[in-house]
Amino acid sequence: MCYRIIQLQQLWIDAFTDPQASIQTFSSCMTLADLNADDNCKLILADLGSGSTHVKLKVYNGTNLVSEVPLLDAPSSLVSLYTDNNDPHIPGIAVACGANVLVYRNCRPYFKFSLPLVDGSSLEADIWRQRSQVTQLVRLLEDLSREIGYSNLSAPSQQLLALDPSAREEFAFKHRHCSIKKQTMITCMTTMKKNVADDHAVSCLVLATESSQLFILDPEAFTIADKYPLNSVAYLLSATGLYSVDYCVLMVSQTGFVSVMKAGVVCGLAQLSACPIGIAQVLRTFVVANMDNTLQGYSLKGTKQWTVSLPGAPVTMASVPLTNQALHLVAVTVSLDSGGGVMLYSGPQLMHSFLTPQPISALVFGRYGREEHALVSVSDSGALSVKLLKRTAQFGSGERQSSVQDKPHNIKLLVPKKSKLFVEQTLREREQYKEIHQWFHRAWLGLSVSASEAYVNALRNATVCQREALKLTAQVLGLGPKLKVQLFLENLASDYIPAGLAVSIVFDSNIYTVHQPYIPVPMLVFGLSCCLETLVTCHLAVAGQLTVLVFARKILLSAVINMPSAAVPP
């Protein structure tokens, strides 16, 4: 099947293009933020540079490069976040470089957080403790390096193997009592709101490391709030929710396995068909662009909902929220033979697409300058481009792509504009989120108790067993000591006649004697009631119970008869 990108309509304004920018970066190292609290958002990116240039943190204001800050190491991620509620609200820029998180404010160093050291291999510690000669120590460390990998060795072991043989004796003597620990690296980073879901609210940092750990940092003191072990190394992160209330963190490993962490518990979700290049959460679903040229949508329970084939190899993706149109799109850049393209999807539906001269390697969407909707991109050649969405743009004439599972809920609904009542309700939920959350939990517990009680009553008084649908009523006649029990059994299934049924009565022999505890049931015809009778003799003047069981190969129906207090002669 042949796919092609169609220029549906021109919705973007080419605001700025700099083909000589020579920027080498990724989508994870780009963000848009109001650095000076002057309602003028700027572009912040980490330029990885080339062999002749160094890594720099660059800030663009409009069309001008206004600041450059050198970085000591290549960054893996860059985010903007608010670390306090002070006025004016000035965000910080957090850059993950190696094992450190560098925080900048006003383009100046503000704070540095370093990950704690990780304990090394116990076998490596035994080698350092039991070694007799330097040559033997080096040989054992080389064997261990081939077994577990050079990167998994501690820093002293790596330095010893990298030294000249003449300098190893002195180094080994100096570090003979050192602790065997290694420094881990940050693979990816994202943010999550701490208490309030507001644009200027304080956010927490979420970090994933090469040692298969997940850290959540408190931004006010930059301390570790929580630490969780993972089953594999995560290289893609996506977090939603509030840290103090309820949150969800999606993690993707290098093998394409998606995990989710909720309430401090990490569990697996799905195994993707190929390694993804990006992940984005949209409402209660998440979207991934895979290396097998597909765009897939999953629920937060791991169920695949749809699959769309892309016209080329995906390079990067970004989330495109359009609150004024009640849309949340996903932008995917693809590499084509004639250049590149950007495709915007709402679920499996292609809403808009346009061609680019070169493939786009980095993409970010948000507010730039004083414009609400700006799409900032960096091409493979390092050209910087800024496109502004027209205020009259409408994403309503998209193409429908073929999907694997096309369900009715994928059809876009016409959502009306926000009413005054909706806005007031939103403000009330924002101000009283704790009370609403507590009320929800109480209501949920009450509903669970009611459902459990209804389930227990259904087990005692009724049954749903494949095609059998039976109704049993009982009647007790007499004053005592002999009573007559009448059982009326009725078949409610019009297309099925049960056969081979029997009724058994379970009783306390100290109180009653049932003259016929086992009664075979004739064939039950739909619409007719079958009456079964037996005599019961009472020995004590107490109110007891009889349990009636209707069964064939297994128990189909059970009922409890509360017997009256019978008159028993002395």
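Please refer to the structure higher up on the page.
Residues numbered from 1 in each chain as written. Predicted model: local features only at pLDDT ≥ 70, side-chain atom pairs only at ≥ 80, totals over all residues. Heavy atoms only, no water.

Student: I would appreciate a short explanation of the overall build of the protein chain in the present structure.
Tutor: Looking only at helices and strands, the protein chain has six helices and 39 strands in total. Counting only contacts in the protein chain whose residues sit at least 6 apart along the sequence, the fraction spanning at least 24 positions is 49%. As displayed, the protein chain offers around 30100 Å² of accessible surface, 54% of which is attributable to carbon and sulfur atoms. (Helix = DSSP H or I, 4+ residues; strand = E, 2+ residues; numbered from the N terminus. Contact = heavy atoms within 4.5 Å. Areas by Shrake-Rupley, 256 points an atom, 1.4 Å probe, with all protein chains shown as cover.)

Student: Mind showing me how you'd approach empty space enclosed by the protein here?
Tutor: By rolling a water-sized probe across the atoms, one finds the places where empty space is left. One pass over the full model with this rule turns up two cavities of 30 Å³ or more. Considered as a void within the structure, the largest cavity measures approximately 80 Å³ in volume. Residue lining of the largest cavity: Leu230, Asn231, Ser232, Val233, Ala234, Met251, Val252, Ser253, Phe257, Ser259 and Val266, and that is the complete set. Within the residue set of the lining of the largest cavity, elements represented by two or more residues are strand E17 (246-253) and strand E18 (257-262). With three residues, E17 is the single largest residue contributor to the lining of the largest cavity. Considered class by class, the residues forming the lining of the largest cavity number seven nonpolar, four polar and no charged. Computed from the structure, the second largest cavity encloses a volume of approximately 50 Å³. Here the lining of the second largest cavity is composed, by residue class, of eight nonpolar, one polar and one charged. (1 Å grid on protein atoms, 1.4 Å probe; cavity = no way out; pocket = protein on both sides within 12 Å on 5 of 7 lines; lining within 4 Å. Points joined across faces, edges and corners; volume = space filled by probe spheres on them. Nonpolar A, V, L, I, M, F, W, Y, C, P; charged D, E, K, R; others polar.)

Student: Please explain the sheet that holds strand E37 (residues 529-538) as it appears in this structure.
Tutor: Two modes of strand pairing occur in sheets, parallel and antiparallel, and in both the strands are linked by backbone hydrogen bonds. Across the sheet, four strands lie side by side as E32-E33-E37-E35; this open sheet has antiparallel pairing. Of all strands in the sheet, those with a lone pairing partner are strand E32 (470-477) and strand E35 (512-514), marking the two edges. Here the strands of the sheet are splayed against their neighbours by 25° on average, with no regard to which way each runs. (Pairing = 2+ DSSP bridges. Axes fitted to C-alpha atoms, helices over the stretch in contact; angles between N-to-C directions.)

Student: I would appreciate a short explanation of the environment of glutamine 296 in the present structure.
Tutor: Here glutamine 296 shows up in strand E22 (residues 294-299). Spatially, the C-alpha atoms of glutamine 296 and phenylalanine 286 are 8.5 Å apart, while their sequence positions differ by ten residues. Once you skip the residues sitting within four places of it in the chain, glutamine 296 turns out to touch Leu272, Ser273, Phe286, Val287, Val288, Asn290, Lys304, Trp306 and Thr307. Side chain to side chain, glutamine 296 and serine 273 meet in a polar contact 3.2 Å long. In this structure the side chain of glutamine 296 is engaged in a polar contact, spanning 2.9 Å, whose partner is the side chain of tyrosine 298. (Polar contact = N/O pair within 3.5 Å; in protein donor to acceptor, adjacent residues only side chain to side chain.)

Student: What am I meant to see in the pairing of strand E15 (residues 223-229) here?
Tutor: The side chains of a regular strand alternate between the sheet's two faces. The pairing of strand E14 (residues 213-218) with E15 spans six bridges and is antiparallel. Within the sheet, the bridge partner assigned to glutamine 213 lies in E15 and is proline 229. Here E14 folds back onto E15 in antiparallel fashion, the turn holding four residues, of which phenylalanine 222 has a positive phi close to 55°.

Student: Would you mind showing me how to read the sheet that holds E22 here?
Tutor: Ordered in space as E20-E21-E22-E23, the four strands form an open sheet in which the pairing is antiparallel. Here the strands that pair on one side only, and so sit at the sheet edges, are strand E20 (276-282) and strand E23 (304-309). The mean inter-strand angle of the sheet, taken between neighbouring strand axes irrespective of direction, is 15°. Bridge count for E20 against strand E21 (residues 285-290) is six bridges, and the pairing is antiparallel. For alanine 280, the partnering residue across the bridge sits in E21 and is valine 287.

Student: For this particular structure, what's the right way to read the nonpolar core?
Tutor: If you look at soluble globular proteins, the nonpolar side chains tend to sit buried side by side. Judged by nonpolar contacts, the single largest core of 28 residues is most densely connected at Leu472, Leu487, Val503, Leu546 and Met563. One finds Ala318, Leu329, Phe354 and Leu389 within the second-largest nonpolar core, a separate group that totals 19 residues. (Core = buried A, V, L, I, M, F, W, Y, C linked by side-chain atoms within 4.5 Å. Buried < 20%, exposed > 50% of the residue type's maximum accessible area, 1.4 Å probe, protein only.)

Student: Mind showing me how you'd approach the packing of aromatic side chains here?
Tutor: Aromatic rings considered in pairs are described by the distance between their centres and by the relative angle of their planes. Scanning all chains against the criterion turns up five aromatic pairs. Judged by centre distance (4.7 Å) and plane angle (15°), the rings of phenylalanine 111 and phenylalanine 222 are stacked. A residue pair is termed long-range when its members are at least 10 positions apart, and phenylalanine 111 in strand E9 (residues 108-114) and phenylalanine 222 in the loop between E14 and E15 qualify at 111 residues. A relative accessible area of 34% places phenylalanine 111 in the partly exposed class. Between tyrosine 518 and phenylalanine 551 the ring centres are 6.4 Å apart and the planes differ by 45°, which places this aromatic pair in the tilted class. One end of the pair, tyrosine 518, is in strand E36 (residues 518-520); the other, phenylalanine 551, is in strand E38 (residues 545-551), with 33 residues separating them in the sequence. Look at phenylalanine 551 and you get partly exposed, because its relative accessible area is 23%. A cation over an aromatic ring shows up here: arginine 105 above the ring of tyrosine 110, its NZ or CZ 5.2 Å from the ring centre. (Phe/Tyr/Trp six-rings, centres within 6.5 Å; stacked < 30°, edge-to-face > 60°. Lys NZ or Arg CZ within 6 Å of the ring centre and 35° of its normal.)

Student: Looking at this model, I keep getting lost on unusual backbone geometry. Mind explaining?
Tutor: Peptide bonds are, in most cases, trans, and in most cases residues other than glycine have a negative phi. A cis amide bond, omega 5°, links aspartate 87 with the succeeding residue proline 88. Located in the positive-phi region is leucine 283, a residue other than glycine, with phi close to 55°. Assignment of secondary structure puts leucine 283 in the loop between E20 and E21. Accessibility expressed as a relative area gives 78% for leucine 283, which makes it exposed.

Student: What am I meant to see in the side chain of threonine 356 here?
Tutor: Relative to the assigned elements, threonine 356 resides in strand E27 (residues 349-356). Of note is the side chain of threonine 356, whose polar atom sits 2.8 Å from the backbone oxygen of glutamine 358.

Student: It is not clear to me how the pattern of salt bridges should be interpreted in this structure. Could you clarify?
Tutor: Side-chain pairs of opposite charge can arise whenever the charged atoms involved come near each other. Inspection of the entire model under this criterion finds 13 salt bridges. The residue arginine 370 makes a salt bridge to aspartate 39 at a minimum N-O spacing of 3.8 Å. A residue pair is termed long-range when its members are at least 10 positions apart, and arginine 370 in the loop between strand E28 (360-368) and strand E29 (371-379) and aspartate 39 in the loop between strand E2 (30-33) and strand E3 (42-47) qualify at 331 residues. The exposed category is assigned to arginine 370, whose relative accessible area is 56%. Overall, the relative accessible area of 36% leaves aspartate 39 in the partly exposed class. Across the pair aspartate 47 and lysine 58 runs a salt bridge, and its minimum N-O distance is 2.9 Å. Taken together, the residues aspartate 47 in strand E3 and lysine 58 in strand E4 (residues 56-61) connect sequence positions eleven residues apart. Of the two residues, aspartate 47 and lysine 58, neither departs from the other in class, the shared state being buried. (Salt bridge = Lys/Arg side-chain N within 4 Å of Asp/Glu carboxyl O.)

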